[in-house]
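# Coordinates in review
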Amino acid sequence: MARIVCTFTLPDEAVDLLRPLGPIAGPEGWRESLADAEALLCLMTERVDADLLAAAPRLRIVANAVVGYEHVDLAACRARGVTVTNTPGVLTDATADVAFALILGTLRGVSSAERSVREGGFDGWRFDGYLGADLAGRTLGIYGMGRIGQAVARRAAPFGMRVIYHSRTRLDAAAEAALGARWVEFDELLSSSDVLSLHAPLTPQTRHVIDADAMLRMRRGAFLINTARGPLVDEAALVDALRDGHLAGAGLDVYEREPAVHPGLLDLPNVMLLPHIGSATVETRGRMAMLAARNVHAVLSGQPPLTPVG
Ligand code: DGY
């Protein structure tokens, strides 16, 4: 008889908060405990759909312990009166740090240089060896200027980059001035960015927003960075654009068919590939789990959720 079901290992602090509310089940065999569950804490690796909801007739809250919620059927939750929450704000800096690590790493060829050392390829300093590209003086284009996009923009100025952005909602003039960022149409973002970094959620409108046609409209020699969601990019088209040299490189933390990575990407030297680690710091994961737990605590105590979605 679990009142709360959790699909991942909760930190002690979150267990301490929730245990007084009732028994907690999971992560082992969490699906078998859904029948009595009033709260489900889950991740983006779980599909919360009509079938799952049917197996959990007493469910009151789905506390999604990540920020993206494309794996949750919001309409089905709404229809059953189930509150859905996510974890905005607590992973902004960690994710922006990884985006910037990819920008630096991709422009300077850090992955392939490091691989070369490990493979015994470093046989002495050469004037023309391991040449990358300067960040300073280049234009960083940000697609999606929410919290994470803004945090990436803040990191770009000290590196001497110009920042342009395209977002559904334009920032006010004061925020643009503080970030040193200029709003542009999507076409101009594509054609004027030396480095294009994606920070939009996955929606039907943003799926494959960077497809073969968009890549063609990007500057020859530009770099593409994606720490948002893999399906924003048509991966097969990206492989083609990198192979034929239209794009100079790509830095990816997310993939179209995660955890599968397009085999063409694995063969290319000018890509830096990370295993979806945007929010993967001890402190950030702790904050994500605690925010999810606080949302459960609020709803099961009859309070409004802290960070509802939908
Ligand atoms: C999220 O929160 O949506 C990430 O992709 C995992 O940090």
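Refer to the preceding data block for the structure.
What comes next concerns the included structure. All of these numbers come straight from a predicted model, not from anything done at the bench.

### Describing the site of the ligand
Surrounding the ligand, one finds Met-44, Val-66, Val-67, Gly-68, Leu-91, Arg-229, His-276, Ser-279 and Met-288. Here Val-67 contributes a backbone N or O atom positioned 2.7 Å from an oxygen atom of the ligand. Contact distances for the ligand include 2.5 Å between an oxygen atom and a side-chain N or O atom of Ser-279. When the ligand sits alone it has 230 Å² of accessible area, and the protein chains cover 91% of it. Across the shell around the ligand, the residue classes break down as five nonpolar, three polar and one charged.

### Examining the sheet that holds strand β8 (residues 181–183)
Reading across from one edge, β8-β7-β6-β9-β10-β11-β12 is the order of the seven strands in this open sheet, with parallel pairing throughout. At either end of the open sheet lies a strand with only one pairing partner, and these are β8 and β12 (271–273). Across the sheet, the mean angle from the axis of one strand to that of its neighbour is 20°, orientation sign disregarded. Against the sheet, helix α6 (residues 147–156) engages β6 (139–143) and β7 (162–166), with an angle of about 170° to β6.

### Some details on helix α12 (residues 282–300)
With 19 residues, α12 should cover 27 Å at 1.5 Å per step; its first-to-last C-alpha distance of 27 Å lies within 8% of that length. By the burial criterion, the buried members of α12 are Thr-284, Met-288, Ala-289, Met-290, Leu-291, Ala-292, Ala-293, Asn-295, Val-296, Ala-298, Val-299 and Leu-300. Close packing links the buried residues of α12 with β1 (4–6), α1 (12–18), β3 (39–42), β4 (61–64), β5 (83–85) and α4 (92–107). Phi turns positive, to about 80°, at Gly-302, one or two residues after α12.

About the thresholds
- Each chain has its residues counted from 1, following the order in which its sequence is written.
- Whole-chain, interface and lining totals are the exception, using all residues; otherwise, since this is a predicted model, local features are given only for residues with pLDDT of at least 70 and side-chain atom pairs are given and counted only at 80 or more.
- Excluding hydrogens and water, the side-chain values take into account all heavy atoms of the structure.
- When at least one non-hydrogen atom of a residue lies within 4 Å of a molecule or strand, that residue is treated as near it.
- Pairs of N or O atoms are called polar contacts if they sit within 3.5 Å, as long as, within protein, a hydrogen donor faces a hydrogen acceptor (for residues adjacent in sequence, only side-chain-to-side-chain pairs).
- Residue-level accessible areas treat just the shown protein chains as cover; the underlying method is Shrake-Rupley with a 1.4 Å probe.
- Amino acids outside the nonpolar list (Ala, Val, Leu, Ile, Met, Phe, Trp, Tyr, Cys, Pro) and the charged list (Asp, Glu, Lys, Arg) are all regarded as polar, and Gly is one of them.
- Two strands make a pair as long as DSSP finds a minimum of two bridges between them.
- Runs of E in the DSSP output that reach at least two residues are strands. Runs of H or I that reach at least four are helices, and both are numbered from the N terminus.
- Fitted lines through C-alpha atoms serve as axes, helices being fitted only where they are in contact, and the angles separating the N-to-C directions of these axes extend from 0 to 180 degrees.
- Two residues form a contact once any of their heavy atoms are found within 4.5 Å.
- Multiplying one less than the number of residues by 1.5 Å gives the expected span of a helix.
- Classification of residues uses two cut-offs on accessible area relative to the type maximum, computed with a 1.4 Å probe and protein chains only: under 20% is buried, over 50% is exposed, and between them is partly exposed.

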